[in-house]
Amino acid sequence: MKRQIKGTATQLQRKLIAARGRLRGDRFLKIVLDSVNTCNLRCRMCFFGAFPQLPKREVWTLEQYSKLAREAFPRTQTLTLSCATEPLLNPKIAEFVQIAKDHGVPQISMVTNGQMLNEARIEALVRGGLTTLMVSMDGAKPETYEAIRVGGNYKRLVENLRTLAKVKERLGSSTPNVTFNYVLMRSNLDEVEEFIDLAVDLGGVAVDFRHIVPYDEADIADEMLDETMWTSERVEATRAACERAGLHIVRLPVKPDDYVDTVDECGLPFEMAVIRHTGDVTPCGHWTDETMGNIFEDGFWSVWRGKRYRYVRSHVNSTCPPDACRECLLRSFTQLESGRSISLLTTAKVNRGEK
């Protein structure tokens, strides 16, 4: 009963926040989108790595993106131009960044493996207003990186990031900030501290350490960490190394025995829209149930205000949440049968309400 009362009060608070947001015209949306359907690498921990053949490339048209921009970007706080695919496979990605900037979106980022960066494209992204470039790099040594990011070239990536630093300096730009995603595995665990120094050398300001999130199709069990590998000593050593290097930590998983699940509310359906290359929308990146709708068919705000989104918002923090929320890796600590950790991620509290 206490939980139900608390949940009811929280949802009333969100409605009040939403009402204030409508009156003030606040930016509250966090949009994550894939404008392309495939990748150029076949990383070991990714579902693309399990495909017999990578999908034929399909890319959003400028008209499709511009329509979304007109509808949603005036209310958007953060835009991430990639979720599960490689954004640089879109030849118009720099134009997409510029359009977001023209609509006043304060934070524009993308996640990339960086293999397709070149000086011309880098300059277009810098001039276009990209604020953060998140680079996926999981090793300090070429052989480690290339064994994980299959098809990637370590030397090329390092050269591309050094070119980025030179272009930023030439243009007098402090952005995009460079952050790194580092997926923790058995094969790269001993390179963590060496990678921290490399990240700083390559112009990085932050690193996001993550555990593997396994997919059924991915043969990755041999890389999963257990409690004897990712220990509290390693956690603290990593934290100390980042502090010495002046590198901000976006996320640093703790070992399983130290985890305390205190996250009992999720705000993502009130602020986030994850848009797939097909136009389908989900309320977060881990959603596995029916989509909220399709922006190409119905438009953004029809989907956002639609009955599916409303149902998720009214039930996500209740005692009867949707099935996808019950199994969510962001809401709880989930373990494999062997006891190895899948994910130690947590979700942020809501800071904006429903439009």
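Scroll up to find the structure this text is about.
Quick look at the structure, then. Note that the structure is a prediction, hence the values are computed from the model and not measured. (Residues numbered from 1 in each chain as written. Predicted model: local features only at pLDDT ≥ 70, side-chain atom pairs only at ≥ 80, totals over all residues. Heavy atoms only, no water.)

## Focus on the pattern of salt bridges
Then, number 1: Following the criterion strictly, the structure yields 18 salt bridges and no others.
Then, number 2: A salt bridge links Arg 44 to Glu 223; the nearest nitrogen and oxygen atoms lie 3.5 Å apart. In this pair, Arg 44 sits in the loop between strand 1 (29–33) and helix 2 (62–72) while Glu 223 sits in the loop between strand 6 (204–211) and helix 8 (232–245), placing the two residues 179 residues apart along the sequence.
Then, number 3: The class of Arg 44 is partly exposed, set by a relative accessible area of 25%. (Salt bridge = Lys/Arg side-chain N within 4 Å of Asp/Glu carboxyl O. Helix = DSSP H or I, 4+ residues; strand = E, 2+ residues; numbered from the N terminus. Buried < 20%, exposed > 50% of the residue type's maximum accessible area, 1.4 Å probe, protein only.)

## Observations concerning the packing of aromatic side chains
Then, number 1: Tallied over the full model, the rule gives 11 aromatic pairs.
Then, number 2: Centroid distance Phe 300 to Trp 301: 4.9 Å. Interplanar angle 85°. Geometry classified as edge-to-face. Both residues of the pair, Phe 300 and Trp 301, count as buried.
Then, number 3: Site record: aromatic cluster; members linked through ring pairs are Phe 28, Phe 300, Trp 301, Trp 304 and Tyr 309.
Then, number 4: The ring of Trp 304 is capped by Arg 313, whose NZ or CZ atom sits 4.3 Å from the centre of that ring. (Phe/Tyr/Trp six-rings, centres within 6.5 Å; stacked < 30°, edge-to-face > 60°. Lys NZ or Arg CZ within 6 Å of the ring centre and 35° of its normal.)

## Notes on the side chain of Asn 294
Then, number 1: Structurally, Asn 294 is set in strand 10 (residues 293–294).
Then, number 2: A distance of 2.9 Å separates polar atoms of two side chains, one belonging to Asn 294 and the other to Asp 280. (Polar contact = N/O pair within 3.5 Å; in protein donor to acceptor, adjacent residues only side chain to side chain.)

## Digging into the sheet that holds strand 4 (residues 132–136)
Then, number 1: The 10 strands are arranged 7-6-5-4-3-2-1-8-9-10 in an open sheet whose pairing can be described as mixed. The strands lining the two open edges of the sheet, one partner per strand, are strand 7 (248–251) and strand 10.
Then, number 2: In this structure, strand 1 lies alongside strand 8 (residues 272–275), joined through four bridges in parallel fashion. Paired with Val 32 across the two strands is Val 274, which belongs to strand 8. (Pairing = 2+ DSSP bridges.)

Read these as spatial facts, not as claims about activity.
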